[in-house]
Amino acid sequence: MTVLSMSRRAFLVGTSAVALAPAMAQERFPDRPITVIVPYPGGGSVDLVARALGEQMTQYLGQSIVIENRGGGGGAIGALAVAQADPDGYRIVLGTQQTHGTNDALIPNLAYKTIESFAPICGICTVPHALVVKRGLKAQTAKELVDLLRAEPGKLNYGSTGNGSSSHLAAELFKLKTGTQAAHVPYRGGAPLVQDLVNGIVDFGFVAVANILGQIDGGLVRAIAIASSTRMPQLPDVPTLAEAGVADVDADAWFAYFAPARTPSERITRLAGSIEKALSAPSVQETFKRNAVITHWRPPEAMPAFVATEVTKWADVVRASAAKPDP
């Protein structure tokens, strides 16, 4: 073989190696641990879901999933950390209808752009709210509650888990769609709200089912409807609001994974695939069942339109109610 032919062969091999390098690098993703930001404190539903899925994702990706709780600002602080991260798929956030739905309207000068700052990975689940009334209230159905509210506007009150919370906005959506009025009593979290519903201090409220299922089963409060498109397995006899004659009041809390904008689509696909597999794991489904979480898979391509719809929907509710978040 001549020196010239050897040089030509070396050149071709080198050129091929360069051409294959991006593909080989992509195939190796991930080659180090991935951090999932939970934009809320530990112990809540988002945290529990992230940890249950993280254990399973590790098996499919071959790398550790590190859960980092970064709460504050209604989830905005944790979401911002991912919006500002390198777009390489190694730092993602488990966002919610708050971080990627209501914050856009609730928080002036939000530091990230709800749509433009992120590459959606997938939607994974919903946390339905139940319309719950105190035992002594003379309303056995959602229609009867609406009739009571219309008969004496502003006389009844409703509790929520805080100003600007999903619980608050669900009730405001209900009022908007039914043309009713009720006084708002905000609480700092679900526990005190549930306690005052049990004690009859507040008349009704929209409460995440996981937070009040025991009191419903124990007859301490009454669930008269589910603010979701389908009934819940845990409460099969409780109709949806639509079934009860109150349309367009779906108010599920939802969880979805997001990466920074401009993250390569191949990496988004890889992450989404591992999450979809993890969702079917028995340990994950047990965690979901225990916390009244409903699996609701949304692939990457379905997420942009879904998020845009949520932003618009809740902006209308915030505008109509003049809702403001707790400081």
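The coordinates are above.
Position numbers for residues count from 1 along each chain, tracking the sequence in the order it is written. Given that this is a predicted model, residues contribute local features only at a pLDDT of at least 70 and side-chain atom pairs are listed and counted only at 80 or more, while totals for whole chains, interfaces and linings are drawn from all residues. As a rule here, side-chain values cover all heavy atoms of the structure and leave hydrogens and water aside.

## Side note on the packing of helix α6 (residues 166-178) against helix α11 (residues 303-321)
Right, on to step 1. A fitted line through C-alpha atoms serves as each axis, taken over the contacting stretch for helices, and the angle formed by two N-to-C directions is quoted from 0 to 180°. Helix and strand assignments come from DSSP, with helices taken as H or I runs of at least 4 residues and strands as E runs of at least 2, each series counted from the N terminus. α11 packs onto α6 with a crossing angle of 80° between their chain directions and a minimal axis gap of 10 Å. In terms of their interaxial angle, α6 and α11 are classed as roughly perpendicular. Residues Leu 169, Ala 170, Glu 172, Leu 173 and Leu 176 of α6 pack against Lys 313, Trp 314, Val 317, Val 318, Ala 320 and Ser 321 of α11.
Right, on to step 2. Any residue outside Ala, Val, Leu, Ile, Met, Phe, Trp, Tyr, Cys, Pro, Asp, Glu, Lys and Arg is labelled polar, Gly included; the first ten of those are nonpolar and the last four are charged. Its residues assigned to classes, the contact of α6 with α11 shows eight nonpolar, one polar and two charged. Orientation labels follow simple angle bins: below 35 degrees gives roughly parallel, above 145 gives roughly antiparallel, 65 to 115 gives roughly perpendicular, and whatever is left gives oblique. Residue contacts are counted whenever heavy atoms from the two residues lie within 4.5 Å of one another.

## Re the pattern of salt bridges
Right, on to step 1. A side-chain nitrogen of Lys or Arg and a carboxyl oxygen of Asp or Glu constitute a salt bridge if their distance falls within 4 Å. Inspection of the entire model under this criterion finds twelve salt bridges.
Right, on to step 2. Residue Asp 31 is joined to Arg 32 by a salt bridge in which the shortest nitrogen-to-oxygen separation is 3.8 Å.
Right, on to step 3. Relative accessibility under 20% of the residue-type maximum defines a buried residue, over 50% an exposed one, and the middle range a partly exposed one, all with a 1.4 Å probe and only protein chains included. On the accessibility criterion, Arg 32 (40% relative accessible area) is partly exposed.
Right, on to step 4. We note a salt bridge from Glu 172 to Lys 175, for which the minimum N-O separation is 3.2 Å. With Glu 172 and Lys 175 both in helix α6 and three residues apart, this pair spans about one turn of that helix.

## Remarks on the sheet that holds strand β7 (residues 183-186)
Right, on to step 1. Two strands make a pair as long as DSSP finds a minimum of two bridges between them. One open sheet accounts for five strands, arranged β7-β6-β8-β5-β9; its pairing is mixed. Among the strands making up the open sheet, the edge pair consists of β7 and β9 (221-226). Neighbour to neighbour, the strand axes of the sheet diverge by 30° on average, direction disregarded.
Right, on to step 2. Taken together, the five bridges between strand β5 (residues 129-134) and strand β8 (residues 204-208) define a ladder with antiparallel strand orientation. Bridge pairing in β8 links His 129 to Ala 208.
Right, on to step 3. Along the sheet face, helix α7 (residues 190-198) touches β5, β6 (157-160), β8 and β9 and points at about 140° away from the line of β8.
Right, on to step 4. Together, β5, β8 and β9 form the strand contacts of helix α8 (residues 209-217), whose direction differs from that of β8 by roughly 115°.

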